[in-house]
Amino acid sequence: MLEIRWHSRAGQGAVTGAKGLADVISTTGKHVQAFAFYGSAKRGAAMTAYNRVDDSMIMNHEKYMEPDFVFVIDPALVYTSDVTINHKDTTKYIITTHLTREELVKAQPKLEGKDVYTVDCITIANETIGRPIPNTPMLGAFMKVSEMYDIEFFKDSMKRILKKLPQKIVDANMIAIQRAYDEVK
């Protein structure tokens, strides 16, 4: 089973991102879960979202997991939350930051020896979508790091999911996904 944990602040789109990813995955015949855990339900409060993916029905509904991937879409959470909790030796971290991997690991020693990827999803979102909602750029970076799906398949699937939005917003999200895919290191 593939498990993903998102670290975010309420209002940054982690729940929507987890549900969008689940929607894409569900079209490929896999079983999937997307759910969230909110502390205080206020905009800006730290929260986590989760995905599980498997070939068979998923009966586990607990928030506890040993994630294969950890997405951190608010860079401050690397310092204020333990994003490495319950990790595996093979866990991959995709972290929104303007820092290089080396600078980030130096600033947060808990990431030392971990498989860390960095991409500035907030800047990408601001420059493409016009708002600091970094969920779709994070998914673009995930497609690159995980090689789960071809980026064009993923973007086509996301266009279907986002179709209720104005076309210019859908187009901006496609640019954001592609930029993060290209810029993740």
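Whatever comes next refers back to the structure up there.
In this text, all values refer to a predicted model and were calculated from it rather than measured experimentally.

Chemist: Just to check I follow, could you spell out the packing of helix H5 (residues 135-146) against helix H7 (residues 167-183) for this structure?
Modeler: Each pair of packed helices can be described by the angle between their axes along with the distance between the axes. Where H5 contacts H7, the axes come no closer than 7 Å and their chain directions differ by 40 degrees. Between H5 and H7, the crossing angle belongs to the class labelled oblique. Judged by the twist between their axes, the crossing of H5 over H7 is right-handed. Seen from H5, the contacting residues are Thr136, Pro137, Gly140, Ala141, Met143 and Lys144; seen from H7, they are Asn173, Ala176, Ile177, Ala180 and Tyr181. Looking at the contact of H5 with H7 residue by residue, the classes come out as 7 nonpolar, 3 polar and 1 charged.

Chemist: Got a minute to help me understand the side chain of Asp74 in this structure?
Modeler: Structurally, Asp74 is set in the loop between strand S4 (69-72) and helix H2 (77-80). Using a relative accessible area of 11% as the deciding quantity, one classes Asp74 as buried. Reaching out from Asp74, the side chain makes a polar contact with the backbone nitrogen of Ala76 at a distance of 3.0 Å.

Chemist: What's the story with helix H1 (residues 14-26) in this structure? I'm lost.
Modeler: Along an α-helix, residues three or four positions apart point the same way, because every turn accommodates 3.6 residues. For H1, which comprises 13 residues, the first-to-last C-alpha distance of 18 Å matches the rise-based estimate of 18 Å (1.5 Å per residue) to within 8%. Every buried residue of H1 is listed here: Ala14, Val15, Gly17, Ala18, Gly20, Leu21, Ala22, Val24 and Ile25.

Chemist: Please clarify how the pattern of salt bridges should be interpreted in this entry.
Modeler: Oppositely charged side chains are able to pair whenever their charged atoms sit close together. For the structure shown, the criterion picks out 11 salt bridges. Salt-bridge contacts for Glu152 lead to Lys155; the nearest nitrogen and oxygen are separated by 3.4 Å. On the criterion of helical spacing, the pair formed by Glu152 and Lys155 is a turn pair, its members being 3 residues apart in helix H6 (residues 151-161). Using a relative accessible area of 11% as the deciding quantity, one classes Lys155 as buried. Across the pair Glu183 and Arg179 runs a salt bridge whose closest N-O atoms are separated by 2.8 Å. In this pair, Glu183 and Arg179 both sit in helix H7, 4 residues apart, roughly one turn of the helix. Where salt bridges share partners, they join Glu127, Arg179 and Glu183 into one cluster.

Chemist: Would you take a moment to explain H7 for this structure?
Modeler: The terminal C-alpha atoms of H7 lie 24 Å apart, and with 17 residues this matches the ideal 24 Å at 1.5 Å per residue to within 8%. Turning to H7, its buried residues number three or more, namely Val170, Ala172, Asn173, Met174, Ala176, Ile177, Gln178 and Ala180. The inward-facing, buried residues of H7 contact strand S6 (115-119), helix H4 (121-128), H5 and H6.

Chemist: I tried to follow the packing of aromatic side chains on my own but got confused; where do I start?
Modeler: Each aromatic ring pair is characterised by the separation of its centres together with the angle its planes make. Enumeration according to the criterion identifies 5 aromatic pairs in this entry. Measuring from ring centre to ring centre gives 4.8 Å for Trp6 and Phe71, while their planes differ by 80 degrees; the resulting arrangement is edge-to-face. Pair noted here: Trp6 is in strand S1 (residues 2-9) and Phe71 is in strand S4, with a separation of 65 residues, a long-range link. Of the two residues examined, Trp6 and Phe71, each falls in the buried class. Lying across the ring of Tyr181, Lys144 places its NZ or CZ 4.8 Å from the centre.

About the thresholds
Residues numbered from 1 in each chain as written. Predicted model: local features only at pLDDT ≥ 70, side-chain atom pairs only at ≥ 80, totals over all residues. Heavy atoms only, no water. Axes fitted to C-alpha atoms, helices over the stretch in contact; angles between N-to-C directions. Helix = DSSP H or I, 4+ residues; strand = E, 2+ residues; numbered from the N terminus. Parallel < 35°, antiparallel > 145°, perpendicular 65-115°, else oblique. Left-handed = near helix turned anticlockwise from the far one by under 90°. Contact = heavy atoms within 4.5 Å. Nonpolar A, V, L, I, M, F, W, Y, C, P; charged D, E, K, R; others polar. Buried < 20%, exposed > 50% of the residue type's maximum accessible area, 1.4 Å probe, protein only. Polar contact = N/O pair within 3.5 Å; in protein donor to acceptor, adjacent residues only side chain to side chain. Expected span 1.5 Å × (residues − 1). Salt bridge = Lys/Arg side-chain N within 4 Å of Asp/Glu carboxyl O. Phe/Tyr/Trp six-rings, centres within 6.5 Å; stacked < 30°, edge-to-face > 60°. Lys NZ or Arg CZ within 6 Å of the ring centre and 35° of its normal.

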